[in-house]
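Read off the chains here:
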Amino acid sequence: MGFARACSVALVGVEGVVVEVQADLEPGVAAFTLVGLPDKSLVESRDRVRAAVVNSGAEWPQKKLTVGLSPASVPKGGSGFDLAVACAVLGAAERIDPAAIADVVMIGELGLDGRVRPVRGVLPAVLAAAEAGYRHVVVPEQTAGEAALVPGVSVLGVRSLRQLIAVLGDEPVPEEPPADRGRPDTMLAGLMVPGAGLGTGLAPLSAEGVAHRPDLADVAGQGRARKALEVAAAGGHHLLLTGPPGAGKTMLAERLTAILPPLSRRESLEVTAVHSVAGILPPGEPLISSAPYCAPHHSATMQSLVGGGNGLPRPGAVSLAHRGVLFLDEAPEFSGRALDALRQPLESGHVVVARAAGVVRLPARFLMILAANPCPCGRHTLAGAGCECPPSAVRRYQARLSGPLLDRVDLRVEVEPVGRADLMGAGGRGESSAEVAARVREARERAAERLAGTPWTTNSEVPGHELRTRLVAAPGALMAAERDMERGVLTARGLDRVLRVAWTVADLRAADRPDASDVAVALELRTGIQRGVPMRTGAS
């Protein structure tokens with residue numbers, strides 16, 4: 001009787017669980033039994049592994065073979081267990097030394113010819129292996145760069161099963177011909193979900209695309225909206241843009257990622273792990289360093305926004321926009337259930353999805369931009385535009401954005417139609433994204449220095465009790481906000497959010513703490529009521 005074990009990783013959401021793959025050979029009728037709660041794609045690995053082992057020059061054991069995946073209570077799916085199953089079987093058959101694979105984590109799909117094909121979710125799988133104490137991993141050659149992002153782990157990238165057998169047996173490693181460069185590499189098909197390419201706006205820009213990246217200087221006029229966009233980027237505040245069609249709401253939202261600061265190392269790993277699991281991490285881009293941008297269509301379902309699917313939930317749009325921007329164009333056209341499902345992630349920075357197969361916690365700390373028209377036809381606020389929507393239709397349209405959702409939005413700006421002078425360039429070009437991004441980066445550095453030693457990094461994350469006890473505004477700065485709260489214009493949550501925005505405005509003008517003018521700017525950005533105070537977000 002032969003026995004051997006190897007290790008692999010099962011993904012639950014965007015987190016991994018190390019799975020021990022055990023192979024046992026006993027005398028009897030030749031059979032291959034796979035146990036341990038596998039799904040359909042994993043059950044099919046029996047045929048893939050058998051063909052890959054035979055075509056790699058090794059002999060398949062003609063005995064009763066049982067392969068167990070432990071812990072058996074964790075659901076397992078996908079083809080990433082093929083490599084570990086093949087090595088465990090070969091170890092039990094004494095083709096390779098069982099001790100050489102006992103503490104090695106193996107991730108990869110096997111083709112029938114023995115080639116190792118890449119799979120999604122390599123980065124979170126290797127992170128889980130490192131946290132469990134494993135120091136050696138074997139992955140497909142195409143994903144070795146992604147696995148190497150995890151510190152303290154020795155990564156071996158292999159092209160075929162015969163190469164891995166040779167490495168484990170201290171034999172000469174055979175040469176494998178590379179893929180034909182004259183056509184797309186079919187081996188990379190397992191990394192990308194169909195339809196998740198550049199057209200979705202989630203994949204990083206190519207070298208040619210960076211040169212044509214949308215710039216904030218392309219937006220004509222819209223001084224107030226541009227300043228609100230700068231405040232949103234500096235403090236991580238959610239923003240609602242309302243205005244007639246063609247005023248520039250979508251243009252402003254598309255240029256928000258250009259003024260956001262680059263992701264830190266930890267944030268980059270978080271974003272890359274989510275995108276790797278979702279299948280939108282393109283080959284050659286093992287680490288995402290810039291903020292992602294996700295703009296789902298208004299017909300998106302609640303499951304596609306917050307996460308869901310058959311079996312264990314998969315990341316939704318709020319997780320794909322983690323550490324980036326979630327833009328909901330034509331926000332009132334989204335279903336009410338889908339919009340209200342955003343309340344929890346807006347407050348907590350994560351979403352907990354419960355299904356019969358299990359409960360999954362997905363990261364979802366994003367900056368939300370809502371764009372809405374004033375009425376169904378969009379001409380309600382235009383003088384002489386001929387809006388024919390009855391008042392009841394206008395009220396119903398605006399009521400589609402519920403009060404609890406809007407209460408979580410810090411900034412609300414009405415985007416005015418662009419005038420002829422601004423559109424034809426008589427007023428000159430506005431500031432570029434690079435100039436605004438520099439101020440945003442400096443403001444975030446001031447906030448990070450002030451919040452050092454706390455679990456928060458931006459002003460939008462600071463709890464209200466900290467703003468009222470430890471991070472206190474200047475004396476008398478909150479008088480206007482307190483009056484609005486007494487009149488019912490502000491809720492308790494609204495007062496906290498006004499304080500957060502005021503701190504961001506103070507950081508943008510390099511002040512030690514917000515004064516009455518900063519609070520007035522924050523109140524104007526939240527309520528839309530003119531306060532007679534200029535927004536001092538840029539140069540004086």
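Residues numbered from 1 in each chain as written. Predicted model: local features only at pLDDT ≥ 70, side-chain atom pairs only at ≥ 80, totals over all residues. Heavy atoms only, no water.

### What about the overall build of the protein?
Basically, it comes down to this: Under the DSSP-based scheme used, a helix requires at least four consecutive residues in state H or I and a strand at least two consecutive residues in state E, with every element numbered from the N terminus. Residues are treated as being in contact if the distance between any of their heavy atoms lies within 4.5 Å.
When helices and strands are tallied, the protein shows 23 helices and 16 strands. Across the protein, every contact between residues at least 6 apart in sequence was considered, and the portion connecting residues at least 24 apart equals 71%.

### Focus: the sheet that holds strand E15 (residues 367-372)
Stated precisely, the cut-off is as follows: When DSSP finds at least two bridges between two strands, those strands are taken to pair. Axis geometry follows a simple rule: fit a line to the C-alpha atoms, using only the stretch in contact for helices, then measure angles between N-to-C directions, giving values from 0 to 180 degrees.
The five strands are arranged E11-E12-E15-E10-E16 in an open sheet whose pairing can be described as parallel. Edge positions in the sheet fall to strand E11 (293-294) and strand E16 (411-414), since each has one partner strand and no second. Where E11 and strand E12 (residues 325-328) come together, two bridges link them in parallel fashion. Residue pairing for E12: Cys294 is matched across the bridge by Leu326. With respect to the sheet, helix H9 (residues 223-235) is in contact with strand E10 (239-242), E15 and E16, its orientation differing from that of E16 by roughly 165°.

### So, the side chain of Glu461
Our working definition: Exposure classes here rest on a 1.4 Å probe applied to the protein chains alone. A residue is buried below 20% of its type maximum, exposed above 50%, and partly exposed in between. Charge convention: Lys and Arg are scored as positive, Asp and Glu as negative, and His as well as the terminal groups of each chain are ignored. Salt bridge, as used here: a side-chain nitrogen of Lys or Arg that lies within 4 Å of a carboxyl oxygen of Asp or Glu. Counting of polar contacts relies on pairs of N or O atoms within 3.5 Å, with two restrictions inside protein: one atom must be capable of donating a hydrogen and the other of accepting it, and residues adjacent in sequence are counted only when both atoms are side-chain atoms.
Within the secondary structure layout, Glu461 lies in the loop between helix H19 (433-450) and helix H20 (464-469). The buried charged residue Glu461 lacks any salt bridge, with Arg365 as its nearest oppositely charged partner at 4.1 Å. At a separation of 3.2 Å, a polar atom in the side chain of Glu461 contacts the main-chain amide nitrogen of Thr457. Non-local contacts of Glu461, meaning those with residues more than four positions away in its chain, are made with Arg323, Arg365, Pro455 and Trp456.

### Description of the pattern of salt bridges
If the charged atoms of two oppositely charged side chains come close together, the side chains can form a pair. Tallied over the entire structure, the rule returns 30 salt bridges. In this structure, Arg497 engages Glu347 in a salt bridge whose closest nitrogen and oxygen atoms are separated by 2.8 Å. Here Glu347 lies in helix H15 (residues 343-348) and Arg497 lies in helix H22 (residues 492-508), a separation of 150 residues in the sequence. Taking relative accessible area as the criterion, Arg497 reaches 4% and is therefore assigned buried. Among the ionic contacts, a cluster of salt bridges with common partners joins Glu347, Asp407, Arg408, Asp410, Arg493, Arg497 and Arg526.

### Here's the deal with helix H16 (residues 391-398)
The test is simple: In this description, the arc belongs to the directions extending from the helix axis to the C-beta atoms.
All of the buried residues in H16 are Ala393, Val394 and Tyr397. Looking straight down H16, one finds that the buried residues subtend no more than 100° of arc, so they occupy a single side. Residues of H16 that are exposed and angled more than 90 degrees away from the buried face: Pro391, Arg395 and Arg396.

### Examining the pairing of strand E4 (residues 64-70)
Pairing of strand E2 (residues 15-26) with E4 involves seven bridges; the strand directions are antiparallel. Paired with Gln22 across the strands is Gly68, a residue of E4. As judged from the five bridges shared by strand E3 (residues 31-35) and E4, these two strands associate in the parallel manner. Counted as the bridge partner of Phe32 is Leu65 from E4.

### Comments concerning the packing of aromatic side chains
Cut-off, in case you're wondering: Pairing of aromatic side chains requires ring centres within 6.5 Å, counting the rings of Phe and Tyr and the six-membered ring of Trp. Pairs whose planes differ by under 30 degrees are stacked, by over 60 edge-to-face, and all others tilted.
Counted by the stated rule, this structure contains two aromatic pairs. Each ring, one from Phe32 and one from Trp60, has its centre 5.7 Å from the other, and the planes form 40°; the classification is tilted. Residue Phe32 is located in strand E3, and its partner Trp60 is located in the loop between helix H2 (45-55) and E4; the two are separated by 28 residues in the primary sequence. This pair shows no difference in class: Phe32 is buried, exactly as Trp60 is. Arranged with centres 6.5 Å apart and planes meeting at 25°, the rings of Tyr293 and Phe327 form a pair that is stacked. With Tyr293 in strand E11 and Phe327 in strand E12, the pair connects residues that are 34 residues apart, well separated along the chain. Since its relative accessible area comes to 14%, Tyr293 is described here as buried. The buried category is assigned to Phe327, whose relative accessible area is 2%.

### Quick word on the nonpolar core
Formally: Residues belong to one nonpolar core when they are buried, are Ala, Val, Leu, Ile, Met, Phe, Trp, Tyr or Cys, and are joined through side-chain atoms within 4.5 Å.
Counting 47 residues, the largest nonpolar core has Leu239, Leu256, Ile259, Ile369 and Leu525 as the members making the most contacts within it. It is H9 that contributes the most residues to this core, seven residues altogether. Membership of the second largest hydrophobic core comes to 40 residues, among which are Ala6, Leu42, Val85 and Leu164.

### Some thoughts on the packing of helix H5 (residues 122-131) against helix H11 (residues 265-278)
What counts, and what does not: Should an angle fall under 35 degrees it is taken as roughly parallel, and over 145 as roughly antiparallel, whereas 65 to 115 is taken as roughly perpendicular and any remaining angle as oblique. Each residue is assigned to one class: nonpolar for Ala, Val, Leu, Ile, Met, Phe, Trp, Tyr, Cys and Pro, charged for Asp, Glu, Lys and Arg, and polar for all the others, Gly among them.
Across the interface, H5 lies against H11 with an axial gap of 7 Å and an inter-helix angle of 120°. When the axis of H5 is compared with that of H11, the two are oblique. Facing H5, whose interface residues are Val122, Leu123 and Pro124, H11 presents Leu269, Thr272, Ala273, Ser276 and Val277. Considered class by class, the residues forming the contact of H5 with H11 number six nonpolar, two polar and no charged.

### Looking at the packing of H22 against helix H23 (residues 516-527)
Rules: Crossings are classed by handedness, with left-handed meaning an anticlockwise turn of the near helix from the far one by less than a right angle and right-handed meaning a clockwise turn.
Between H22 and H23, the shortest axis-to-axis distance is 8 Å and the interhelical angle comes to 125°. Taken together, the axis directions place H22 and H23 in an arrangement best described as oblique. Our pair here, H22 against H23, has a crossing hand that is right-handed. Every residue of H23 that contacts H22 at Gly494, Arg497, Val498, Val501, Ala502, Val505 and Ala506 is listed here: Asp518, Val519, Val521, Ala522, Leu523, Leu525 and Arg526.

### Quick look at the confidence of the model for the protein
The criterion, for reference: The predictor's confidence in any single residue is recorded as pLDDT, a number from 0 to 100.
Of the residues in the protein, 89% reach a pLDDT of 70 or more, and the chain-wide mean stands at 87. Taking the mean pLDDT of every element in the protein, the minimum, 47, falls on helix H8 (residues 207-211) and the maximum, 97, on strand E5 (residues 105-106). Low pLDDT, under 50, characterises residues 197-201; the predicted model gives this stretch six contacts beyond four residues in sequence or across chains. With pLDDT under 50 throughout, residues 203-209 is counted as low confidence; its partners more than four residues away or in other chains account for seven contacts.

### Looking at unusual backbone geometry
For the bond running from Ser70 to Pro71, omega is 5°, close enough to zero to count as cis. Structurally, the position occupied by Pro71 is in the loop between E4 and helix H3 (82-92). A positive phi is found at Arg323, a non-glycine position, where the angle reads about 65°. Judged by its relative accessible area of 17%, Arg323 falls in the buried class. The backbone of Glu330 sits at a positive phi, close to 55°, despite the residue not being glycine. Structurally, Glu330 is set in the loop between E12 and helix H14 (336-340). Judged by relative accessible area, which is 27%, Glu330 ranks as partly exposed.

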